[in-house]
Amino acid sequence: PGIHRKRAAMEGKQEEENKLKTSGKIEITNPSKEGWLEKQSRFLKTWRKRWFVLEGNILYSFKKEKVYSNPTEVIDLKVFSSVKSSEEYTNRSHSFDVYSKETSFSMVASSSNEKEDWIRNIGRAIITSRSGWQSNDYPNDSDSD
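In this section: the pattern of salt bridges. Taken as a whole and judged by the stated rule, the model has eight salt bridges. Across the pair E114 and K33 runs a salt bridge, and its minimum N-O distance is 3.2 Å. Taken together, the positions of E114 in helix α3 (residues 112–137) and K33 in strand β1 (residues 33–40) put the pair 81 residues apart, joining distant regions of the chain. In this structure K33 comes out as buried when scored by relative accessible area, which is 10%.

So this is what it looks like as structure tokens:
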């Protein structure tokens, strides 16, 4: 039974990832944080100003403020392990990274307070997405098996 449960949980997680919308209009209903950040592009490593929206465990970036369509980035925080200050790495004040084993995203806030607020909110989303994933996958699981 344990193997079947794990397989079902993995298949459910895969289905959920496939539902991650990356183009068209994005339904933003209850963002925990939004605002302008600069983001370093993945390939050219140039800095671009983007409107970021954190909703649940997804961090979106858009070209225009409060225009929630065709995101330039959709970051599923379930697969990211941490968020931390990165000023030494980027040589930019108020910068921070969201990273996993495979990749990282560098961003710059407008102030120290904004940076700390983004780190706090993203960190909370990372932790919540992990604990939510575990408890939601086994709603009927108990020690009485």
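We are not done yet, so read on.
Another point: the pairing of strand β3 (residues 58–62). Looking along a regular strand, one sees the side chains alternate between the two faces of the sheet. Most of β3 sits inside the fold, with five of its five residues counted as buried. Burial along β3 is two-sided: the face carrying I58, Y60 and F62 and the face carrying L59 and S61 are both buried. Of the strand pairs in this sheet, strand β2 (residues 47–55) and β3 are connected by five bridges, and their pairing is antiparallel. Residue pairing across strands places F52 opposite S61, the latter belonging to β3. Taking the residues between adjacent antiparallel strands as the criterion, β2 and β3 are bridged by two residues, where G56 takes a positive phi near 60 degrees. Pairing analysis gives four bridges linking β3 to strand β4 (residues 73–76), with the strands arranged antiparallel. Bridge pairing in β4 places Y60 opposite V74.

All right, on to the pairing of strand β7 (residues 104–108) then. Across the five residues that make up β7, a large majority, four, are buried. The pairing of strand β6 (residues 95–99) with β7 spans five bridges and is classified as antiparallel. By the bridge assignment, S95 is partnered in β7 with V108. The turn linking β6 back onto β7 is made up of four residues.

Turning next to the nonpolar core. If you look at the biggest cluster of nonpolar residues, it comprises 18 residues, and the most contacted ones within it are L59, L77, F96, M107, W118 and I122. Among the secondary structure elements, those contributing two or more residues to this core are β2, β6, β7 and α3. The element best represented in this core is α3, accounting for five residues. In this structure, I28, W51, I58 and Y68 belong to the second largest nonpolar core, which totals nine residues.

Reading guide: rules and limits
- Residues numbered from 1 in each chain as written.
- Predicted model: local features only at pLDDT ≥ 70, side-chain atom pairs only at ≥ 80, totals over all residues.
- Heavy atoms only, no water.
- Salt bridge = Lys/Arg side-chain N within 4 Å of Asp/Glu carboxyl O.
- Helix = DSSP H or I, 4+ residues; strand = E, 2+ residues; numbered from the N terminus.
- Buried < 20%, exposed > 50% of the residue type's maximum accessible area, 1.4 Å probe, protein only.
- Pairing = 2+ DSSP bridges.
- Core = buried A, V, L, I, M, F, W, Y, C linked by side-chain atoms within 4.5 Å.

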